[in-house]
Amino acid sequence: GGMGTFTVPSLIVSDVLDTVIVSIIRPTLRGCLQEGYPFRGILFLGLMMTSDGPKLLEYNVRFGDPETQAILVRLETDLAEICTSMLNGTLSAADTRWSPGSSACVVMASSGYPLKPQTGDIIRGLDDAVAITGVEVFHAGTRSAGWPVSSAQPTESYATAGGRVLGVTATAADLDSALALAYSAVDRIVFDGMQFRRDIGRT
């Protein structure tokens, strides 16, 4: 999960989703109530699909990374409205809309990641990457480099500042197209020692 994620409509079928809701989500929220803290917020479930059904590996009380990048690019409803509904206790009445199709996120990491990531390397090609329709690039381990790239390209430049540097994310009608867009954007980005996987979304 740390090096890339994807979404497809067939990823989880309705009966499996029902099992997750009944056997994991509802008991979790019921337990929160019983222990005196009704949960409102982001509850990230790490699941493993097994021959015996879905099994819970972990909770995160936050957005997952980079899972969220691939998910939220398909969210059509204003996220601020959803968060307000959570706080107000009216989330069940909210009109949450998702775009059809698929998405993919490819993580670009620094040299040395995950042990001792190299930092301070100038990142080039970001403008070219985001110029591709359907592509968004999320910054994870970056910092401002403090100087313009050129007069023709006056955007501020960035340097690496962590292990997982960028989440290059794309949406399209199907997974193959989303992956092709994401990797096309990845191929336009350059920094010393960069590493990424070429098998995201492949079985």
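S.K.: Hey, could you run me through the overall build of the protein in this one?
M.R.: Looking only at helices and strands, the protein features five helices and nine strands. Start at the N end of the protein and walk to the C end: the helices and strands fall as β-α-β-β-α-α-β-β-α-β-β-β-β-α. Dimensions of the protein, computed from C-alpha atoms along their principal axes, come out at roughly 60 × 35 × 35 Å. Per-residue burial for the protein yields a buried fraction of 35% across its 203 residues. Intrachain contacts of the protein at a sequence separation of at least 6 include 65% that bridge at least 24 residues. Surface accessibility of the protein: about 11,700 Å² in total, with carbon and sulfur atoms responsible for 54%. For the protein, the distance from the average position of its 15 positive side-chain charges to the average position of its 21 negative side-chain charges is 4 Å.

S.K.: Even after reading the chapter, I still don't get the packing of aromatic side chains, so can you show me in this structure?
M.R.: In this description, a pair of aromatic rings is defined by centroid distance and the angle of the planes. Applying the stated criterion across every chain yields a total of one aromatic pair. Centroid distance Tyr183 to Phe196: 6.5 Å. Interplanar angle 45 degrees. Geometry classified as tilted. Of this pair, Tyr183 sits in helix α5 (residues 175-186) while Phe196 sits in the segment after α5, and the two are 13 residues apart along the sequence.

S.K.: Where do I start with the nonpolar core in this structure?
M.R.: For soluble globular proteins, the rule of thumb is that nonpolar side chains tend to be buried together. In this structure, Leu166, Val168 and Ile189 are the most contacted members of the largest nonpolar core, which totals 25 residues. For this core, the secondary-structure elements that each account for two or more residues are β4 (102-109), α4 (126-130), β6 (135-139), β9 (164-172) and α5. Considering each element in turn, this core owes the most residues, seven residues, to α5. Residues contacting Ile189, with those up to four places away along its chain left out, are Met108, Ile123, Arg124, Gly125, Leu126, Ala129, Leu166, Val168 and Met194.

S.K.: Can you walk me through the sheet that holds β6 in this structure?
M.R.: Working definition: the strands of a sheet are paired by backbone hydrogen bonds and lie parallel or antiparallel to each other. Across the sheet, which stays open at both edges, the four strands sit in the order β1-β4-β9-β6 with antiparallel pairing between neighbours. A strand with exactly one partner marks an edge of an open sheet, and here the two such strands are β1 (4-7) and β6. For this sheet, the mean angle separating the axes of adjacent strands, direction not counted, is 15 degrees.

S.K.: I keep staring at the environment of Leu72 and nothing clicks. Help me out?
M.R.: Note on placement: Leu72 falls in helix α2 (residues 67-72). Taking C-alpha positions, Leu72 is 9.5 Å from Ser103, a pair spaced 31 residues apart along the chain. Once residues lying within four places of it in the same chain are set aside, the contact partners of Leu72 are Phe63 and Leu79.

S.K.: Looking at this model, I keep getting lost on unusual backbone geometry. Mind explaining?
M.R.: Most peptide bonds are trans, and most residues other than glycine sit at a negative phi. A cis amide bond links Asp65 with the next residue in sequence, Pro66, at an omega value of 10 degrees. If you trace the backbone, Pro66 turns up in the loop between β3 (53-60) and α2. Look at the link from Tyr113 to Pro114: it is a cis peptide, with omega at 10 degrees. Structurally, Pro114 is set in the loop between β4 and β5 (122-123).

Calculation notes
- Residues numbered from 1 in each chain as written.
- Predicted model: local features only at pLDDT ≥ 70, side-chain atom pairs only at ≥ 80, totals over all residues.
- Heavy atoms only, no water.
- Helix = DSSP H or I, 4+ residues; strand = E, 2+ residues; numbered from the N terminus.
- Buried < 20%, exposed > 50% of the residue type's maximum accessible area, 1.4 Å probe, protein only.
- Contact = heavy atoms within 4.5 Å.
- Areas by Shrake-Rupley, 256 points an atom, 1.4 Å probe, with all protein chains shown as cover.
- Lys, Arg positive; Asp, Glu negative; His and termini not counted.
- Charge placed at Lys NZ, Arg CZ, Asp CG, Glu CD.
- Phe/Tyr/Trp six-rings, centres within 6.5 Å; stacked < 30°, edge-to-face > 60°.
- Core = buried A, V, L, I, M, F, W, Y, C linked by side-chain atoms within 4.5 Å.
- Pairing = 2+ DSSP bridges.
- Axes fitted to C-alpha atoms, helices over the stretch in contact; angles between N-to-C directions.

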